[in-house]
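Chain by chain, the residues run as shown.
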Amino acid sequence: MQNPLLEIQGLSVNYGGIQALQAIDLMIYPGEVVTLIGSNGAGKSTTLQAISRIINIRQGQILYNGEEITRRRPHEVVKLGIAHSPEGRRVLARQTVLDNLELGAYTRSSRLSIKSDIEQQFLLFPKLAERKNQLAGTLSGGEQQMLAIARALMSRPKLLLLDEPSLGLAPTIVREIFSIIQNLRETGVTILLVEQNANLALQIADRGYVLEAGCMTLSNKASELLEDDRVRQAYLG
Ligand code: ATP
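Going by an unreviewed UniProt entry, the protein chain carries the name ABC transporter ATP-binding protein and comes from Phormidesmis priestleyi ULC007. Word for word, the UniProt comment on the protein chain under Sequence similarities (unreviewed entry) is "Belongs to the ABC transporter superfamily."

K.L.:
Please clarify how the pattern of salt bridges should be interpreted in this entry.
P.N.:
Side chains that differ in sign of charge can pair as their charged atoms come close. Under the criterion given, the structure shown has nine salt bridges. The closest approach of N and O atoms between R72 and E67, which form a salt bridge, is 2.3 Å. In this structure, R232 and E227 form a salt bridge, with 3.9 Å as the shortest nitrogen-oxygen distance. With relative accessibility at 57%, the residue E227 sits in the exposed group.

K.L.:
Just checking my understanding: could you explain the nonpolar core for this structure?
P.N.:
Buried together is how nonpolar side chains tend to be arranged in soluble globular proteins. Core analysis: the largest hydrophobic core is formed by 46 residues, its most contacted members being L128, L160 and I191. If you count residues domain by domain, this core takes at least three from each of domain 1 (1–81 + 157–236) and domain 2 (86–156). When near neighbours in sequence (up to four residues on either side) are disregarded, L128 contacts V97, F122, L139, E143, M146, L147 and A150. By size, the runner-up hydrophobic cluster in this structure holds 28 residues, among which are V34, L36, I51 and L192.

Reading the values: rules and limits
Residues numbered from 1 in each chain as written. Predicted model: local features only at pLDDT ≥ 70, side-chain atom pairs only at ≥ 80, totals over all residues. Heavy atoms only, no water. UniProt positions renumbered as here; feature names shortened; annotations may be inferred. Salt bridge = Lys/Arg side-chain N within 4 Å of Asp/Glu carboxyl O. Buried < 20%, exposed > 50% of the residue type's maximum accessible area, 1.4 Å probe, protein only. Core = buried A, V, L, I, M, F, W, Y, C linked by side-chain atoms within 4.5 Å. Domains from an automatic or database assignment. Contact = heavy atoms within 4.5 Å.

Have a look at this one:
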């Protein structure tokens, strides 16, 4: 058995008096697509924010490639190979597509390789190539989502954290984004996918975790979770 790329042990996070995560465990192996599903407020985004080290951790450990990153700074984590495409996309609306992509490479210095990676993103997301000089704020929701993913990829991550890529998008665009996510795995990126659309997420994931009110209540192969009565009742409608 290979070593996990990411291992979370007993992770707890508080926001003031609210315990957002209660001693959760999670494991991701290289090359996997793992999905984290759960209702609104279950703690999914908090889990991703803890991994990318943008919020404080109260207790527990996060190991990446066997190295503890619990007390690392956000830019150090990006440098180590973890990129985060946040919920709500958060592209810089008044900057062009190109500027947003360059921003994603802020931890890197080689201009030449940054340029060639931008070309790579344009192959993966042809719509962004057509709009490279447009201000990001003028893109459609789906294009902004593509830009958010492409920007995250500009740091050359080994682990990509994707928060709600389908949020607010029309079904055809959601299918397009999910097919891009499937293509991404072929390039060797390991993915942790947070999704409200559990059905879709479980269809493309290898394994899934279910988070309820800050506690990890289930984990299994995605195909098994799709058949699980508890999951079907609560999340698959
Ligand atoms: P959603 O899909 O609605 O984003 P989620 O599963 O991602 O849900 P989180 O955003 O991680 O959930 O929130 C977990 C809990 O922490 C919720 O009760 C939420 O209200 C609370 N919370 C999240 N961010 C903050 C914050 N910055 N300050 C205070 N409470 C917060």
